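# A structural walkthrough
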Amino acid sequence: MVPTARKSWGPPPLPREYGAWAMLLIPLALGSLAARAVSASALLILPATALLFLGRFAAIPGGTRTRSSAVGGATPEMRRLLWTGVYLGASVLGLGLAVWLAPASRRTEALSLVFLIGVLGAANAGLVLSGKGRTLGAESFAMAALATTASLVMVLVGEPLDGRTIGIGLMCLCYFLSSIAFVRAFRVLGEGRARRSVITACLGVHVLLAGSLIVLWRIGWLPVGLLFAFVPVLGRTAWGLARPAPNVRALGWRELVVAATFLIIAGTTFLAS
């Protein structure tokens with residue numbers, strides 16, 4: 001049976017990167033807990049961020065490919081360009097509406113954060129479209145855009161864009177960079193390559209991340225309790241390098257446990273302060 005043109009232009013299936021879906025919630029939850037408030041404008045960040053993630057997935061070569069990809073006039077390249085544009089455009093509209101609904105005194109600050117998220121998201125999408133979506137640079141741009149939403153949520157509920165607000169976003173970025181470094185090390189170790197150098201590099205990244213968080217605490221941008229929230233992250237890395245998960249599925253479950261523990265400790269810190 002010959003597929004129709006309508007099917008060939010249809011949206012791609014939802015991505016099955018469950019860990020990435022969970023990551024969407026971490027900065028939003030941390031931002032809300034830090035501000036101890038939720039607003040209509042802040043709630044819009046969740047669908048806007050989800051659309052940003054879908055735009056990234058649609059841009060991946062093969063992400064929108066189906067058996068009918070060359071039928072009905074829709075090539076894989078045309079289809080992924082179309083849906084990348086649709087998702088990113090809808091995300092921009094959501095972010096714009098969030099800024100419009102923000103307190104008048106915070107709209108300029110919120111707009112500056114939305115602009116930063118847009119630049120980071122566009123840089124990531126460009127690398128993905130060029131076939132470099134799995135590079136460290138592309139993943140770092142995506143994680144930085146996600147982390148910035150923590151600061152944005154705080155500003156949207158009325159918090160000033162100051163050291164504390166920026167510090168929460170940087171805390172999320174440190175967590176995400178830890179995940180990138182660890183998962184990349186896991187993949188290389190699974191291939192049996194350069195075990196000692198990979199472990200050394202991963203541990204070195206985590207030393208730098210821990211040092212960065214200590215600096216943020218010392219300058220007053222992070223409460224000391226958030227340093228303890230990073231302890232399970234460091235523990236996961238040490239345990240995971242010494243005893244790697246048997247497969248990707250087991251790794252994903254471990255990451256979900258680490259994320260939940262991280263959020264519980266951080267949330268307790270915010271509520272107790």
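Everything discussed here concerns the structure shown above.
The following paragraphs examine the structure supplied in this document. (Residues numbered from 1 in each chain as written. Predicted model: local features only at pLDDT ≥ 70, side-chain atom pairs only at ≥ 80, totals over all residues. Heavy atoms only, no water.)

### Quick word on the overall build of the protein
The cut-off we apply is this: By definition, any uninterrupted DSSP run of H or I lasting at least four residues is a helix, any uninterrupted run of E lasting at least two residues is a strand, and each is numbered from the N terminus. Partly exposed describes any residue whose relative accessible area lies between the buried limit of under 20% and the exposed limit of over 50%, with all areas from a 1.4 Å probe on protein chains only and scaled to the type maximum. The contact definition used throughout considers only heavy atoms, calling two residues in contact when any of these lie within 4.5 Å. Surface exposure here means Shrake-Rupley accessible area, sampled with a 1.4 Å probe, where a residue is shielded only by the protein chains that are shown.
Helix and strand counts for the protein come out as 12 helices and 0 strands. Start at the N end of the protein and walk to the C end: the helices and strands fall as α-α-α-α-α-α-α-α-α-α-α-α. A buried classification covers 44% of the 273 residues belonging to the protein. Contacts in the protein between residues far apart in sequence, at least 24 positions, make up 78% of those at least 6 positions apart. About 13500 Å² of surface is accessible on the protein, with carbon and sulfur atoms providing 71% of the total.

### Comments concerning the packing of helix α11 (residues 231–242) against helix α12 (residues 248–272)
Quick note on the threshold: Orientation is described by lines fitted to C-alpha atoms, with helices fitted over the stretch in contact, and by angles between N-to-C directions that extend from 0 to 180 degrees. We call two directions roughly parallel when the angle between them is under 35 degrees, roughly antiparallel when it is over 145, roughly perpendicular when it lies between 65 and 115, and oblique otherwise. Two helices crossing with the near one rotated counterclockwise from the far one by less than a right angle form a left-handed crossing, whereas a clockwise rotation gives a right-handed crossing. For this scheme, ten residues count as nonpolar: Ala, Val, Leu, Ile, Met, Phe, Trp, Tyr, Cys and Pro. Four count as charged, namely Asp, Glu, Lys and Arg, and the remainder, Gly too, count as polar.
Relative to each other, α11 and α12 sit at 155 degrees, their axes nearing to 9 Å. Looking at the two axes, α11 sits roughly antiparallel to α12. Of the two possible hands of crossing, α11 and α12 adopt the one that is right-handed. Together, P232, V233, R236, W239 and G240 of α11 and R254, E255, V258, T261, F262 and I265 of α12 make up the contact between the two elements. Its residues assigned to classes, the contact of α11 with α12 shows 6 nonpolar, 2 polar and 3 charged.

### Notes on the pattern of salt bridges
We count it as follows: By salt bridge we mean one thing: a side-chain nitrogen of Lys or Arg within 4 Å of a carboxyl oxygen of Asp or Glu.
With the rule as written, the count across this model stands at 4 salt bridges. Where E139 meets R184, a salt bridge forms, and the shortest distance between an N and an O atom there is 3.3 Å. Residue E139 is located in helix α7 (residues 136–156), and its partner R184 is located in helix α8 (residues 163–190); the two are separated by 45 residues in the primary sequence. For R236, the salt bridge goes to E255, with nearest N and O atoms at 2.8 Å. You can see R236 sitting in helix α11 and its partner E255 sitting in helix α12, a full 19 residues away along the chain. What makes R236 buried here is its relative accessible area of 4%.

### Brief notes about the nonpolar core
Here is the rule: As used in this record, nonpolar core signifies buried Ala, Val, Leu, Ile, Met, Phe, Trp, Tyr and Cys residues forming a set joined through side-chain atoms within 4.5 Å.
Of all hydrophobic cores here, the largest spans 34 residues; its most connected members are L30, I168, M171, Y175, F176, F230 and F262. Every element with two or more residues in this core is listed here: α2 (18–35), α4 (45–59), α7, α8, α9 (195–218), α10 (225–229) and α12. Of the residues forming this core, the biggest block, 7 residues, is contributed by α8. Residues within four places of L30 in sequence aside, it is in contact with I168, C172, F262, L263, A266 and F270.

### A short note on unusual backbone geometry
Residue R36 is not a glycine yet carries a positive backbone phi of 55 degrees. With respect to the element layout, R36 can be found in the loop between α2 and α3 (40–43).

### Considering the environment of L24
Considering the arrangement of structural elements, one finds L24 in helix α2. C-alpha separation for the pair L24 and L146, spaced 122 residues apart in sequence, amounts to 6.8 Å. Among all residues touching L24, those that are not within four sequence positions of it are T49, A50, F53 and L146.

### Details of a nonpolar patch on the surface
Counted only if it meets this: Within the patch definition used here, like charges are joined within 9 Å and nonpolar side chains (Val, Leu, Ile, Met, Phe, Trp, Tyr) within 5 Å, considering only residues with over 30% relative accessible area and no salt bridge.
A cluster of nonpolar side chains, I214, W217, V224, F228 and V231, forms an exposed patch at the surface whose accessible area comes to about 460 Å². Looking at the secondary structure, you find W217 in helix α9.

### With respect to the packing of aromatic side chains
Note the threshold: Only rings of Phe, Tyr and Trp enter the pairing, Trp through its six-membered ring, and a pair is recorded when the two centres are within 6.5 Å. The plane angle decides the type: under 30 degrees is stacked, over 60 is edge-to-face, the rest tilted.
Following the criterion strictly, the structure yields 3 aromatic pairs and no others. Seen from their ring centres, Y175 and F262 are 4.6 Å apart, and the 20 degrees between their planes marks the pair as stacked. Of the two residues, Y175 sits in helix α8 while F262 sits in helix α12, which places them 87 residues apart along the sequence. With a relative accessible area of 2%, Y175 lands in the buried category.

### Focus: the side chain of H206
Put simply, the rule reads: Identification of polar contacts relies on pairs of N or O atoms within 3.5 Å, with a donor-acceptor requirement for protein atoms, meaning one able to donate a hydrogen and the other able to accept it, and with residues adjacent in sequence counted only if both atoms are side-chain atoms.
With respect to the helices and strands, the residue H206 is situated in helix α9. A distance of 2.9 Å separates the side chain of H206 from the side chain of T237, its partner in a polar contact. The residues contacting H206, other than those within four sequence positions of it, are S178, A181, F182, L234, R236 and T237.

### Re the side chain of R236
A polar side-chain atom of R236 sits 3.5 Å from a polar atom in the side chain of S179. Contact partners of R236, with chain neighbours within four places excluded, come to S178, S179, F182, H206, E255 and V258.

### Digging into α7
To keep things clear, this is the line we draw: Multiplying one less than the number of residues by 1.5 Å gives the expected span of a helix.
In a regular helix each residue adds 1.5 Å, so 21 residues correspond to 30 Å; α7 covers 30 Å between its end C-alpha atoms and thus fits that length. Counting buried residues along α7, 17 of its 21 residues qualify, which places the element largely inside the surrounding structure.

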